[in-house]
Amino acid sequence: MSAAQVCGVVAEALRMPAMNGYLVAGAILGPGGLHLVQELVQVETLAQLGVSLMLFGLGMELSPGHKLGGVAVGGGALQVVGSMGLGALAALGLGAEARTGAFVGGLLAMSSTSIVVKSLESSSALGTVYGQITVSTLVTQDVFVGVFFALAPLFARKPAVASQGLRP
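Residues numbered from 1 in each chain as written. Predicted model: local features only at pLDDT ≥ 70, side-chain atom pairs only at ≥ 80, totals over all residues. Heavy atoms only, no water.

This brings us to the side chain of S83. Among the secondary structure elements, S83 is positioned in helix 4 (residues 69-93). A polar contact of 2.9 Å, which involves the side chain of S83, links it to the backbone oxygen of Q79. Setting aside residues no more than four positions away along its own chain, S83 makes contact with G105 and A109. (Helix = DSSP H or I, 4+ residues; strand = E, 2+ residues; numbered from the N terminus. Polar contact = N/O pair within 3.5 Å; in protein donor to acceptor, adjacent residues only side chain to side chain. Contact = heavy atoms within 4.5 Å.)

Written out as structure tokens, the structure reads:
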């Protein structure tokens, strides 16, 4: 946590979002860097708590009765489904399976809500109409992430049935 704070302050001093510093601290201390953090279970638990708190905070920023909510929800859904469709078409064009391309397209459709929200906050644009639409769209995409990962087994390859020469 201290390293994240220090790197966050350094990032802000360099006129970058503090989030970039947090990412750098994790990369340096984690298994891909100095290996100082080896027990990832505790880190994953903190990360899940952080994501939950972030989404709660985003929910506090949104107003459910906002007349632009339909635009954001519809746009977010259209963007995810469109990316999956384009991914499927690209995969077919490359000779791969359509479901593999749809899966990759779905992954590419997801945005980093926390980074975008921090950017909107730093530019004082979170309360604007386009800021509200952007955040609503990102939350819609986050909801799709849950559905997408629940349906992920449908995109997996079916294992080939090995014949063992036995007859029923």
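Continuing now.
Here the focus is helix 5 (residues 98-109). Look at helix 5: 16 Å from first C-alpha to last across 12 residues, which is about the 16 Å you get at 1.5 Å a residue. Every buried residue of helix 5 is listed here: G101, A102, G105, G106 and A109. Summarising the axial view, the buried residues of helix 5 lie within an arc of 140 degrees, below the 170-degree limit, and thus occupy one face. (Expected span 1.5 Å × (residues − 1). Buried < 20%, exposed > 50% of the residue type's maximum accessible area, 1.4 Å probe, protein only. Arc of directions from axis to C-beta.)

Moving on: the layout of surface pockets. Estimated volume of the largest pocket: approximately 1300 Å³. Considering the residues around the largest pocket, the lining is formed by 31 residues, among which A4, M19, Y22, L46 and A47 are closest to the centre. Among the elements of the structure, helix 1 (2-13), helix 2 (18-29), helix 3 (40-61), helix 6 (113-122) and helix 7 (129-150) are those that each provide at least two residues to the lining of the largest pocket. It is helix 3 that contributes the most residues to the lining of the largest pocket, eight residues altogether. Each residue belonging to the lining of the largest pocket can be placed in one class, and the counts come to 20 nonpolar, eight polar and three charged. (1 Å grid on protein atoms, 1.4 Å probe; cavity = no way out; pocket = protein on both sides within 12 Å on 5 of 7 lines; lining within 4 Å. Points joined across faces, edges and corners; volume = space filled by probe spheres on them. Nonpolar A, V, L, I, M, F, W, Y, C, P; charged D, E, K, R; others polar.)

Before going further, it helps to examine the nonpolar core. Judged by nonpolar contacts, V80, M84, A88, A102, A109 and F148 together constitute the single largest core of six residues. Among the elements of the structure, helix 4 and helix 5 are those that each provide at least two residues to this core. The element best represented in this core is helix 4, accounting for three residues. Look past the residues within four positions of V80 in its chain and what remains in contact with it is A109, M110, Q141 and F144. Counting five residues, the second-largest nonpolar core is a separate cluster that includes V117, A125, L126 and V135. (Core = buried A, V, L, I, M, F, W, Y, C linked by side-chain atoms within 4.5 Å.)

If you trace the backbone, L36 turns up in the loop between helix 2 and helix 3. The exposure class of L36 is exposed, given its relative accessible area of 60%. Taking the C-alpha atoms as reference points, L36 and G26, separated by 10 residues in sequence, lie 10.0 Å from one another.

Our next topic: the pattern of salt bridges. One pass over the full model with this rule turns up one salt bridge. In this structure, E97 and R99 form a salt bridge, with 2.9 Å as the shortest nitrogen-oxygen distance. Judged by its relative accessible area of 32%, E97 is partly exposed. Judged by relative accessible area, which is 26%, R99 ranks as partly exposed. (Salt bridge = Lys/Arg side-chain N within 4 Å of Asp/Glu carboxyl O.)

What follows is about the side chain of T137. Position of T137 relative to the elements: it lies in helix 7. Beyond its immediate chain neighbours, meaning those up to four positions away, T137 contacts A72 and G76.

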